[in-house]
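Here is how the chains run, residue by residue.
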Amino acid sequence: MSNPLAFEDRPEDGLGGRIVPMRLQKFLARAGVASRRGSEDLMTAGRVTVNGVVVTELGSKVDPLVDEVAVDGKVVSLADEPVTIMLHKPAGVITTMKAQSDKPIVADLVPTDDFPGLFPIGRLDADTTGLLLFSTNGELGNLLLHPRHHVAKTYLARLKKPLEDESAQRLRAGVTLDDGPTQPADVSYADKARKLVRITLREGRYHQVKRMFDAVGDPVVSLHRESFGPLRLGKLKPGEWRQLTDSEVDKLRRAARS
Ligand code: URA
């Protein structure tokens, strides 16, 4: 494979890097064909060609600027669109892209090799589980995090003791925290014992849910984010991620603007 371009002369890939020769399975993943694992399966099944020749060898490299890659005869090229994914964050994982200790971090769970420049949109506490978004698109991140646009986020909180009706009412109306009063929230019971409570907020302050329940004297034992705007975790298991479709990203943008 000839390689006529020096690194500095290579074009940017729109994901914070330059387009350089890479392993075929990485190319296929970045082109959005399948996950890296799924791309390897496509290769070993003999469905992938490079310049018209079937390639099954998993170590093979391609130069996206020179080589023509096809799957089942259909040519694929690198997506230069920004990428947004959702992760089902497990408990015990810190929301950071840079390790500060030997504790597990979300960067270990998302495909930073395939999508350089991924960053978390907001954060969840280490012990909180559930839906966490990541994107390579800074503009989308700013839109979703801007206090003026805060989209609704729904959490399931397991509480130390049953939540009194009066406390639920106070949470709905807004409680006063040390950084000011909270905006109206939706609060409903999710079990008969009233120890599992669903709460929807339209703002996102530090430890907000836990502080709100503390304020009514009923501490949170565990917390799970079920949804972010129009997006729900669905069947994603803890530790799994998936890429959002264009239509899901459009829906997110609309939710932020509404
Ligand atoms: N509120 C919290 O207290 N913790 C989270 O992780 C998210 C919202």
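Residues numbered from 1 in each chain as written. Predicted model: local features only at pLDDT ≥ 70, side-chain atom pairs only at ≥ 80, totals over all residues. Heavy atoms only, no water.

**Re the site of the ligand**
Around the ligand, the neighbouring residues are L124, D125, T128, Y155, H207, Q208, V209, K210 and L223. One nitrogen or oxygen atom from the side chain of T128 is found 2.9 Å from an oxygen atom belonging to the ligand. Within the backbone of Q208, one N or O atom sits 3.5 Å away from an oxygen atom of the ligand. Within the complex, the protein chains bury 96% of what would otherwise be the 230 Å² of accessible surface of the ligand. Among the elements that line the shell around the ligand, the one with the most residues is helix 5 (residues 208–215), at three residues. (Near = heavy atom within 4 Å. Polar contact = N/O pair within 3.5 Å; in protein donor to acceptor, adjacent residues only side chain to side chain. Areas by Shrake-Rupley, 256 points an atom, 1.4 Å probe, with all protein chains shown as cover. Helix = DSSP H or I, 4+ residues; strand = E, 2+ residues; numbered from the N terminus.)

**Things to note about the packing of helix 3 (residues 138–145) against helix 6 (residues 246–257)**
When two helices pack together, their arrangement is given by the angle between their axes and by how far apart the axes lie. Direction vectors running N to C along helix 3 and helix 6 enclose 40 degrees, while the axes themselves pass 9 Å from each other. Classified by the interaxial angle, the pair formed by helix 3 and helix 6 is oblique. Crossing angle aside, the handedness with which helix 3 passes helix 6 is left-handed. Judged by residue contacts, E139, L140, L143 and L144 of helix 3 engage V249, L252, R253, A256 and R257 from helix 6. Tallied by class, the residues present in the contact of helix 3 with helix 6 amount to six nonpolar, no polar and three charged. (Axes fitted to C-alpha atoms, helices over the stretch in contact; angles between N-to-C directions. Parallel < 35°, antiparallel > 145°, perpendicular 65-115°, else oblique. Left-handed = near helix turned anticlockwise from the far one by under 90°. Contact = heavy atoms within 4.5 Å. Nonpolar A, V, L, I, M, F, W, Y, C, P; charged D, E, K, R; others polar.)

**Overview of the sheet that holds strand 5 (residues 69–71)**
Reading across the sheet, the four strands line up as 3-2-5-6 and stay open at both edges, with antiparallel pairing between neighbours. In the strand order of this sheet, the two ends are held by strand 3 (53–54) and strand 6 (74–76), each with one partner. Where strand 2 (residues 48–50) meets strand 5, three bridges bridge the pair, whose relative direction is antiparallel. By the bridge assignment for strand 5, V48 is matched with V71. (Pairing = 2+ DSSP bridges.)

**Here's the deal with the domain arrangement of the protein**
Domain assignment breaks the protein into domain 1 (1–80), domain 2 (84–147 + 234–257) and domain 3 (153–228). Of the residues lining the interface, five residues belong to domain 1; the matching set on domain 2 comes to six residues. Interface of domain 1 and domain 2: buried area, both sides summed, is about 570 Å²; carbon and sulfur atoms make up 50% of it. Here domain 1 is connected to domain 2 by zero residue pairs in polar contact (both at pLDDT 80 or more). Across the side of domain 1 that touches domain 2, the residue classes break down as two nonpolar, no polar and three charged. (Domains from an automatic or database assignment. Buried area = accessible area lost by both parts, 1.4 Å probe.)

**Quick notes on the pairing of strand 13 (residues 186–189)**
As paired elements, strand 13 and strand 14 (residues 196–201) share four bridges and run antiparallel to each other. Counted as the bridge partner of Y189 is V197 from strand 14. Hairpin connection, strand 13 to strand 14: the antiparallel pair is bridged by six residues, and R194 has positive phi, about 65 degrees.

**Remarks on the nonpolar core**
Core analysis: the biggest nonpolar cluster contains 30 residues, and F134, L163, L171, I199, M212 and F213 have the highest contact counts within it. Of all the elements in the fold, those that place two or more residues in this core are strand 7 (84–89), strand 9 (129–135), strand 10 (153–159), helix 4 (165–173), strand 14, helix 5 and strand 15 (220–228). Here this core gathers at least three residues from each of two domains, domain 2 (84–147 + 234–257) and domain 3 (153–228). In this structure L163 touches A168, L171, V187, Y189, R194, V197, F213, V216 and D218, once residues within four positions along its chain are discounted. L133, F228, L231 and L236 belong to the second-largest nonpolar core, a separate cluster that totals 16 residues. (Core = buried A, V, L, I, M, F, W, Y, C linked by side-chain atoms within 4.5 Å. Buried < 20%, exposed > 50% of the residue type's maximum accessible area, 1.4 Å probe, protein only.)

**So, the pattern of salt bridges**
Throughout the structure, instances matching the rule amount to 13 salt bridges. Between D179 and R211 there is a salt bridge, with its nearest N and O atoms 3.0 Å apart. Taken together, the positions of D179 in the loop between strand 11 (176–177) and strand 12 (180–181) and R211 in helix 5 put the pair 32 residues apart, joining distant regions of the chain. Note on D179: relative accessible area 41%, which makes it partly exposed. Between R242 and E248 there is a salt bridge, with the nearest N and O atoms lying 2.7 Å from each other. Beyond isolated ion pairs, a larger network of salt bridges with shared partners links D178, D179, E203, R205 and R211. (Salt bridge = Lys/Arg side-chain N within 4 Å of Asp/Glu carboxyl O.)

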